[in-house]
Each structure stands twice: as C-alpha cells, then as structure tokens.
Amino acid sequence: MKTHAWTGMLPVDDTALAVTDTGGTGIPILYLNGHTATQGYWRRVIAELGPSWRHITYDMRARGRSKRSADYSFETNVADIDAVLAARGVERALVVGWSYGAFAAAYWASRNPGRTFGAILVEGAQPYDWLDAAIEARIRKLFKRLSWLLPLLRPTGLTPRMSAAQIAESNIEVGRIARVSVLGPVMDSITVPTRYVVASGASLGSKGDEQERIRASLTKLVERNPNIKISAKVPSNHGSILKKDFRAVADAVREVAGLDRTKH
C-alpha cells in the first residue's frame, strides 16, 4: 500500500518530535541519529538508496527541530521508536542507527524481532567496558567547560536544547549501557539479520587506539551470534562515516533487505 509523504511534529509525552516520512511502497527504513545529531546526517545514505525505499527520519528529543523534554534517558529514546512507527502506521521496519542511534537500534531490534527486517549498526553498539570513574569525571568536566558555548551554537543546530549537564549525563549513560555485562546479552539475544559498518582510527574525544580496541570487541560477538556480521570496515572515522562512506551503509541495508526477500 502506498503511503503519502509527510513532514511534521509528532506529539509524544511532554514533547514533540520532528519527523519526515518520504512515503511510497518500499520497505520502511527508520534512521536513528547520533547523540547530538539531526536527521539531516542521513541525506547521503537516503540519496544513495533512492526512492524505491520508504525513508523515515526524526530528531530525538531536544535535537534539531524537536521540542525539549523532562526525560532524555536512553530507554525513553528507545520507546520513541515505537511512537514514531505507530504514528506512521509502520508494522515492520529496517532500523539503521549511527553511534548513539546504533545502541537504540540494537536494543529495539532485540526486543522486537517480529517487527523488524533487521538492523544496521554504524559505529555503535559495541560491547566494551570503556567507562570508569576517571572518564565520567572527564566527561562532566568537558561539558562544564562548554556550558557557555552550547547555547550560542543552538541556533545553528549543532547542539541540542539540553543543558551541558544533561548532555554529559546522557553520554555517561551510554558508557554504562555499552558495558559487556549489559550490552553483551542484548546482542547475543538478537535473532534478526544485523550488520555492522565499522569506521577506522581515532575521532574527536578518543585517545590513542581507544576506538580500535572497542571495535575489536566485535570479533567475539560475531563468533557467538550467527545473525550478526560485519558488513564493512571503512577508512573514514567515527564522525565522518555517514559523509564519506555512506555507500557502505547503503550496501548493508540492501544486504539485510535481500536476506528477508530470500525467505519468501
């Protein structure tokens, strides 16, 4: 059934999310953004895949054009996936997440195997114990230093309408979610086709080979769960992967969608 294109604000709890749905008759793809990113980051992936797919993007709470909220927790962001899909009348979707969005995609796919064609995890959802007390302090200190700058950048869309302390705590929450004891069982429970697209090298905020060590954790994960594979390791870094290696992300989407078609 063909669905018409729609762009607007979706009321959810105490907020409203800015949503864009290209409509059409193709497989619905729901794109989940990085922590402070907006839906515009996906434009190259969407252009590469073209109009034969139904592309649904949205800004998370207080990001982009979405409104502020009293709750920016990870679980709330996962629940918002259900709200967006329900509002757009989508019963089954392919979820694609980058960075923070990859964690949300992994959690949602693990809990809703009958509602997803599969998941594409771009530079995120890698089980690793990178958070400790020192790093927590480092994150809080960094955002405290940036507290004067963030409001000035909000009109540009580069920063969310969250306080520096709220952004810091949200980043720290990701570190807790990423722990092997927490994320490992989630990934082991995934029963739908899941593909990682992995970047290379360091990026803003990382030190030395920190990120490559995190990426190396995927080796054991892939060995344990046959539904999960690494689709590509690309030369771009964490921050530029959607800009420079969008074709690899699109290829992973096609791969997972193709697997679903072979079942019928």
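Criteria and thresholds
Residues numbered from 1 in each chain as written. Predicted model: local features only at pLDDT ≥ 70, side-chain atom pairs only at ≥ 80, totals over all residues. Heavy atoms only, no water. Helix = DSSP H or I, 4+ residues; strand = E, 2+ residues; numbered from the N terminus. Contact = heavy atoms within 4.5 Å. Axes fitted to C-alpha atoms, helices over the stretch in contact; angles between N-to-C directions. Parallel < 35°, antiparallel > 145°, perpendicular 65-115°, else oblique. Left-handed = near helix turned anticlockwise from the far one by under 90°. Nonpolar A, V, L, I, M, F, W, Y, C, P; charged D, E, K, R; others polar. Buried < 20%, exposed > 50% of the residue type's maximum accessible area, 1.4 Å probe, protein only. Salt bridge = Lys/Arg side-chain N within 4 Å of Asp/Glu carboxyl O. Pairing = 2+ DSSP bridges.

Mapped onto the elements, Ala168 comes out in helix H6 (residues 164–177). Taking the C-alpha atoms as reference, Ala168 lies 15 Å from Trp130; in sequence the two are 38 residues apart. Beyond its immediate stretch of four places on either side in the chain, Ala168 contacts Ile139, Arg140 and Phe143.

Packing of helix H4 (residues 133–145) against H6 brings their axes to within 8 Å, and their N-to-C directions diverge by 155°. When the axis of H4 is compared with that of H6, the two are roughly antiparallel. Note on packing geometry: the crossing formed by H4 with H6 is right-handed. Residue-level inspection shows Glu136, Ile139, Arg140 and Phe143 of H4 in contact with H6, the latter providing Ala164, Ile167, Ala168, Glu169, Asn171, Ile172 and Arg176. Tallied by class, the residues present in the contact of H4 with H6 amount to 6 nonpolar, 1 polar and 4 charged.

As for its placement among the helices and strands, Gly8 is situated in strand S1 (residues 6–12). You can call Gly8 buried: its relative accessible area is 14%. Setting aside chain neighbours within four positions, we find Gly8 in contact with Leu17, Ala18 and Val19.

Quick look at the pattern of salt bridges now. Tallying each qualifying case throughout the model produces 18 salt bridges. With a shortest N-O distance of 2.8 Å, Arg88 and Asp21 are connected by a salt bridge. Pair noted here: Arg88 is in the loop between helix H2 (74–87) and strand S5 (93–98) and Asp21 is in strand S2 (residues 15–21), with a separation of 67 residues, a long-range link. The burial state of Arg88 is the same as that of Asp21; both residues are buried.

This part covers the sheet that holds strand S8 (residues 228–233). One open sheet holds the 8 strands; their spatial order is S1-S2-S4-S3-S5-S6-S7-S8, and the pairing between them is mixed. Lying at the two open borders of the sheet, with one neighbouring strand each, are S1 and S8. Each strand axis lies, on average, 20° off the axis of its neighbour in the sheet, ignoring direction. Along the sheet, helix H3 (residues 100–111) makes contact with strand S3 (28–32), S5 and strand S6 (116–122), crossing S5 at roughly 145°.

The backbone of Ala62 shows a phi angle near 70°, a positive value even though the residue is not glycine. Residue placement: Ala62 occurs in the loop between strand S4 (54–58) and H2. One non-glycine residue with positive phi stands out, namely Ser99, at about 55°.

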